Amino acid sequence: MDVGADEFEQSLPLLQELVLGADFVGLDIEFTGLRSNLSGPQQISLFDLPSEWYLKTRQSVQQFTICQIGLSVFSSIEGESNKYVAHSCNFFLFPTTFGILDSEFSFQASSVQFLNQYGFDYNKFLKNGIPYMNEEQEKKIKHSILTGNWRVRSSLDKDQIKAVIDEVTRWLVLAEEGDWTTLPGVTGFQAFEVQLVLRKALPDIWTVMKDEGVTVKKVSKQHRWYLENTSCDRESCWKEKILLSARGFSVFFQMLVKAQKPLVGHNMMMDLLHLHEKFFRPLPESYDEFKLNIHNLFPVLIDTKNVTKDIWKELNFPRASNLSEVYEFLNSDLNPTKNSGPVIIHASRCEKYAETKCPHEAAYDAFLCGSVLLKVAHLLLWRVHGALPISEPSFPLYLDVLAPYVNRVNLIRAGVPTINFSGPDCPSIRPPILVVTVRRWPGVSEQQVYREFQNLGKFDVRRLVGSQFLLLTNKFKDTRSILKEYRCHPTLQVSVYRYWRHSPNVSCLLQVCGVVTTWAFIAFLLGRARP
């Protein structure tokens, strides 16, 4: 089910009811871009601590925006054992442009091409996107509305506003009192602004918001005075309506936060960063503050990427390169619990995904996240119970076996594999760092060293000092391959990095100690030589 700005407010009561009655919510987000094309030290790498990775990624999150959010709300069916219904919705979003709010964001060509390849509807995003704002933006616009200074910058182009006034003025010349006309295509909170502009500019009209657009009616000045002082549709009654419409999807975000349901994603770190930035508050500089904020918003997070990594190795499933492949393997005969696992059906208005695969459509991927979670949780439960039958599997039971994975979110390309949102991050389990000493190759760069080793795996390279470079990968076999291949290389000497042996700080300290010791020894000898 697709939801745009036209349908969103009418859908809110149903959405709230679904979320409050849910066992958990699957999430996926599509963006206008993923990462800025940063180079050098600003590029993320396997050398990064989580706090360093966060600060680098924060810049990209501030640069790009959300174009589509997919939610799949999973609820167990009462009276039926281990059966779930999924309500899946796509929400097209577009930043609020209203009064003083006028966001800037970028598009990344590769992201646009990628989404276009999978049929993403950019018209729905640009023309019918649901507005949204974070708490700081809401405070600014609320203050402006309440103080009457909210029309600092029109959300519609000034030429468009002028065209609307000119159109109504021309109509008024021939119109009789009681006649009316409709301005089509003006909807949502922008319709409030158009009405206020028209009422201020033209004293002999009255405006009413209808489904087909803004209706303008010619009235006498006496009737206008009466409407202004008695109608519930006067300007003072609109302020809360304006704010509610301008907040848009942020209203539903707050509903989701208050419901405190488990939130499930796949490689969901970027999703969480954008949720914080776009709907809660601008991302803080402090990594620890970000973690605390997310944990307060969503106390139970489950990343299916993190869960499936372990079970995949144990059951020797074929390598899965994306979420769709994970879902396919879990629905195949390779899954020993295929016939005893949870049954998942689509809700009546969401049956499209029962017949059609729609990879990288946000709601479809959110549905896959939820389905993968249930099936993997059942596998884990089966592993715990062994051959014993599981009488009545339930979501609370699934949460118990998922406990080691709760609030541990997968981290792509960093010094640690996961971030723990409910405690200290786990220590690194990456392969050891290698140190490469280059001989007879003056002026060698990090890029040249990278190209030398790229055929043996994917590595990150960082200059240590002079002709020494650090080399790091996330695969132990690649580390072993390099140590074996370059054991007797004439130009590149490779060994495992040892802090006390290779660190420039330690070398500098030892040199200073050596100089001090030498001078102390000389002073001692000179002292003894004196009569």
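- Under an unreviewed UniProt entry, the name given to the chain is Poly(A)-specific ribonuclease PNLDC1, and the source organism is Balaenoptera acutorostrata.
- The Sequence similarities (unreviewed entry) comment attached to the chain in UniProt states, word for word, "Belongs to the CAF1 family."

**Details of the overall build of the chain**
Step number 1: Counting its secondary structure elements, the chain contains 21 helices and 18 strands.
Step number 2: Taking all 531 residues of the chain together, 49% fall into the buried category.
Step number 3: Partitioning the contacts of the chain with sequence separation of at least 6, the portion at a separation of at least 24 is 73%.
Step number 4: Entry remark: accessible area of the chain is about 27500 Å², with carbon and sulfur atoms responsible for 53%.

**Topic: the packing of helix α1 (residues 5-20) against helix α10 (residues 249-259)**
A packed helix pair is summarised by two numbers, namely the angle formed by the two axes and the spacing between the axes.
Step number 1: Here α1 crosses α10 at 10°, and the two axes come no closer than 10 Å. With respect to their mutual orientation, α1 and α10 come out roughly parallel. Contacts between α1 and α10 involve F8, L12, L15, Q16, V19 and L20 from the first element and F249, V251, F252, M255, L256 and A259 from the second.
Step number 2: Along the lines of polarity and charge, the residues of the contact of α1 with α10 split into eleven nonpolar, one polar and no charged.

**Quick notes on the sheet that holds strand β7 (residues 180-184)**
Step number 1: Here three strands make up an open sheet; going across it, the order is β7-β9-β8 and the pairing antiparallel. The open sheet terminates on both sides in strands that have one partner only, identified here as β7 and β8 (205-210). Averaged over neighbouring strand pairs, the angle between their axes works out to 25° when direction is ignored.
Step number 2: Two strands pair when backbone bridges link them, and β8 and strand β9 (residues 213-218) are joined in this way by six bridges, in the antiparallel orientation.

**Description of the pattern of salt bridges**
Proximity of charged atoms lets side chains of opposite charge pair with each other.
Step number 1: Applying the stated criterion across every chain, the model contains ten salt bridges.
Step number 2: K83 is paired through a salt bridge with E80; the nearest N and O atoms lie 3.3 Å apart.
Step number 3: Salt-bridge contacts for D425 lead to K291; the nearest nitrogen and oxygen are separated by 3.2 Å. Of this pair, D425 sits in the loop between β14 (418-420) and β15 (434-438) while K291 is found in helix α12 (residues 287-297), placing the two residues 134 residues apart along the sequence.

**Considerations on the nonpolar core**
Step number 1: By size, the foremost hydrophobic cluster in this structure holds 54 residues, and its most contacted members are I69, F91, F249, F252 and L275.
Step number 2: Among the elements of the structure, α1, β2 (24-31), α2 (50-63), β3 (66-76), β4 (83-92), α10, α11 (269-280) and α12 are those that each provide at least two residues to this core.
Step number 3: Take this core: its biggest share by element is eight residues, from α10.
Step number 4: Residues contacting I69, with those up to four places away along its chain left out, are L27, D28, I29, C89, N90, F91, L93, F249, L275, F279 and A362.
Step number 5: One finds F74, V264, L330 and V376 within the second-largest nonpolar core, a separate group that totals 37 residues.

**Quick notes on the sheet that holds strand β17 (residues 468-472)**
Step number 1: Ordered in space as β16-β17-β15-β18, the four strands form an open sheet in which the pairing is antiparallel. With partners counted over all chains shown, the strands left at the sheet margins are β16 (460-465) and β18 (492-496), one partner each. Neighbouring strand axes in the sheet, compared pairwise and without regard to direction, differ in orientation by 30° on average.
Step number 2: Pairing geometry for β15 and β18, over five bridges, is antiparallel. The residue of β18 that forms the bridge with V436 is V494.
Step number 3: Against the sheet, helix α18 (residues 446-453) contacts β15, β16, β17 and β18, and its axis sits at roughly 130° relative to β16.

**Here's the deal with the pairing of β16**
Step number 1: Here five bridges tie β16 to β17, and the two strands are oriented antiparallel to one another. Its bridge partner lying in β17, V461 is registered against L471.
Step number 2: Hairpin connection between β16 and β17: a loop of two residues separates the two successive antiparallel strands, and G466 in this loop has a positive phi of roughly 55°.

**A closer look at the packing of aromatic side chains**
Step number 1: On inspection of all chains with the given rule, the structure shows 29 aromatic pairs.
Step number 2: On the numbers, 6.4 Å between centres and 85° between planes, the contact of F8 with F91 is edge-to-face. Separated by 83 residues along the polypeptide, F8 in helix α1 and F91 in strand β4 bring together distant segments of the chain. For the residue pair F8 and F91, the accessibility class agrees, reading buried in each case.
Step number 3: The rings of F8, F91, Y132, F249, F252, F253, F279 and F298 are connected pair by pair, giving a single aromatic cluster.

Conventions adopted
Every chain's residues receive numbers from 1 upward, in the order its sequence appears when written. Confidence filtering applies because this is a predicted model: local features only for residues at pLDDT of at least 70, side-chain atom pairs given and counted only at 80 or more, and all residues used for totals across whole chains, interfaces and linings. Only hydrogens and water are set aside; all other atoms, that is, all heavy atoms of the structure, feed into the side-chain values. UniProt positions are given in the numbering used here, feature names are shortened, and annotations may be inferred rather than shown by experiment. The way it works is that DSSP assigns letters per residue, a run of H or I at least four long becomes a helix, a run of E at least two long becomes a strand, and they are numbered from the N terminus. The buried label goes to any residue with under 20% of its type's maximum accessible area, the exposed label to any with over 50%, and the partly exposed label to all in between, with areas taken from a 1.4 Å probe on protein chains only. Residue contacts are defined here by distance: any two heavy atoms, one from each residue, within 4.5 Å place the two residues in contact. Per-residue accessibility takes into account occlusion by the displayed protein chains alone, with areas from the Shrake-Rupley method and a 1.4 Å probe. As a rule, the C-alpha atoms of each element are fitted with a line to give its axis, helices using only the stretch in contact, and angles between N-to-C directions run from 0 to 180 degrees. In this scheme, roughly parallel covers angles under 35 degrees and roughly antiparallel covers those over 145, while 65 to 115 is roughly perpendicular and the rest are oblique. Residue polarity follows a fixed list, in which Ala, Val, Leu, Ile, Met, Phe, Trp, Tyr, Cys and Pro are nonpolar, Asp, Glu, Lys and Arg are charged, and the others, Gly among them, are polar. Strands qualify as paired when DSSP identifies two bridges or more between them. Any Lys or Arg side-chain nitrogen found within 4 Å of a carboxyl oxygen on Asp or Glu counts as a salt bridge. What we call a nonpolar core is a set of buried Ala, Val, Leu, Ile, Met, Phe, Trp, Tyr and Cys residues that are connected through their side-chain atoms within 4.5 Å. Paired rings are identified among Phe, Tyr and Trp, the last through its six-membered ring, by centres lying within 6.5 Å, and are further divided according to the angle between planes into stacked (under 30 degrees), edge-to-face (over 60) and tilted (the rest).

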